[in-house]
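# Fold and geometry: a report
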Amino acid sequence: PEYYTLFDGSTGAALDTVNYEPSRGTVSKWGDSYGNRVDRFWGTVAYLDGSKPSVVTGRGYYTRMTATAYDVINKKLVKRWAFDTGNDKSVAGYGDGNHNSMAADVDGDGKQEIITGSTCIDDNGKVLWCLNKGHGDAMHVANLDPDRPGYQVWEVHEEKEAWQTYGYEMHDARTGEILWGGPTKGDNGRGLAADIDPNHRGFEMWSSGAPGVYNCKGEKISDNKPGISFRVYWDGDLQDEILNGTNLSKWNGNKAVTIHTFPGAMHCNGTKRTPNVSADLFGDWREEVVFYDANDPSKLRIYTTTI
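First, a word on what this report is: a plain description of the structure on this page. (Residues numbered from 1 in each chain as written. Predicted model: local features only at pLDDT ≥ 70, side-chain atom pairs only at ≥ 80, totals over all residues. Heavy atoms only, no water.)

What follows covers unusual backbone geometry. Backbone torsion omega between Glu21 and Pro22 reads -5°, so that peptide bond is classified as cis. For Pro22, the position within the fold is in the loop between strand E2 (14-19) and strand E3 (41-46). A positive phi is found at Arg273, a non-glycine position, where the angle reads about 55°. In this fold, Arg273 is placed in the loop between strand E23 (265-266) and strand E24 (277-279). For Arg273, a relative accessible area of 30% puts it in the partly exposed group. Non-glycine residue Trp285 carries a positive phi angle of around 70°. Mapped onto the fold, Trp285 is located in the loop between E24 and strand E25 (288-293). (Helix = DSSP H or I, 4+ residues; strand = E, 2+ residues; numbered from the N terminus. Buried < 20%, exposed > 50% of the residue type's maximum accessible area, 1.4 Å probe, protein only.)

With respect to the helices, strands and loops of the structure, Gly167 is situated in the loop between helix H1 (160-166) and strand E13 (168-172). Measuring from C-alpha to C-alpha, the distance between Gly167 and Gly182 comes to 6.1 Å, with 15 residues separating the pair along the chain. In contact with Gly167, other than residues within four places in its own chain, are Glu155, Val156, His157, Ala162, Gly182, Pro183, Thr184 and Asn188. (Contact = heavy atoms within 4.5 Å.)

Turning to the pattern of salt bridges, a few remarks are in order. Under the definition given, this model contains 22 salt bridges. Note that Lys52 and Asp49 form a salt bridge whose closest N and O atoms lie 2.7 Å from each other. For the salt bridge of Arg201 with Asp147, the shortest nitrogen-to-oxygen distance reads 2.7 Å. A residue pair is termed long-range when its members are at least 10 positions apart, and Arg201 in the loop between strand E15 (191-194) and strand E16 (204-207) and Asp147 in the loop between strand E11 (139-142) and strand E12 (152-156) qualify at 54 residues. With a relative accessible area of 47%, Asp147 lands in the partly exposed category. Because the salt bridges share partners, they merge into one network encompassing Glu2, Arg24, Asp39 and Arg59. (Salt bridge = Lys/Arg side-chain N within 4 Å of Asp/Glu carboxyl O.)

Remember, this is a structural readout, not a statement about activity or role.
Spelled out as structure tokens, the structure:
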């Protein structure tokens, strides 16, 4: 049995528990017989009605993809809607999920949608658009191109049907229209978007399967690439810095130059080399970085800029 529990944020007391939806069911119907794909989860908080937060949790994305949204009403979890492609490959969204999700108001109606990767679920639980490009490992959602209205999505793709034409691409978050991209020779497992170069408007993008760094128009601006793990606001300018494991670097227009390391710290997720979390914890608009202690994983290390 699997459950979903709402906890009190100040005391940790369990306030409400419901059965996790959907249940595992027949494991092999999720894409394998050993429990890998059935136990793939993602989750986010989204303002589905434009004013109050809902929680959206998803199970499955390599094949059958699901999402269930809950509101908190009188300290109870109340289901808002459920999305489920089932096992029909022809259904929009089937196999089109990432290892991550992002909530964003992509259609400008004041309510947030859920971007799961190659699919966008509208605030009402229905498909807004679907690329039919299959699973991908990483994506970034922002106003990547300031000359275009609304948000854009930078996405890398894993499935052969996708990478033969678009192993990496940037698409419109409102419509799903692919704006630019290109093929790769195989699974493009890493992709990063960050505003690292002040000489080019908007964000820059790069990925493990494509040569060099591109600007938001799809023009290659360098043959070199920085790390592809993470980005962070660290110093006093308006550009992102690059966080690759415990190495912090800055783009100089042609390469990444190390500006700080975090000795004694350890990153998460193996080769993905991410921090535990990076966020503006202390309110100075720049971001703190949290790692775990390399010698004692029960301890967290919080780092803040001194710049």
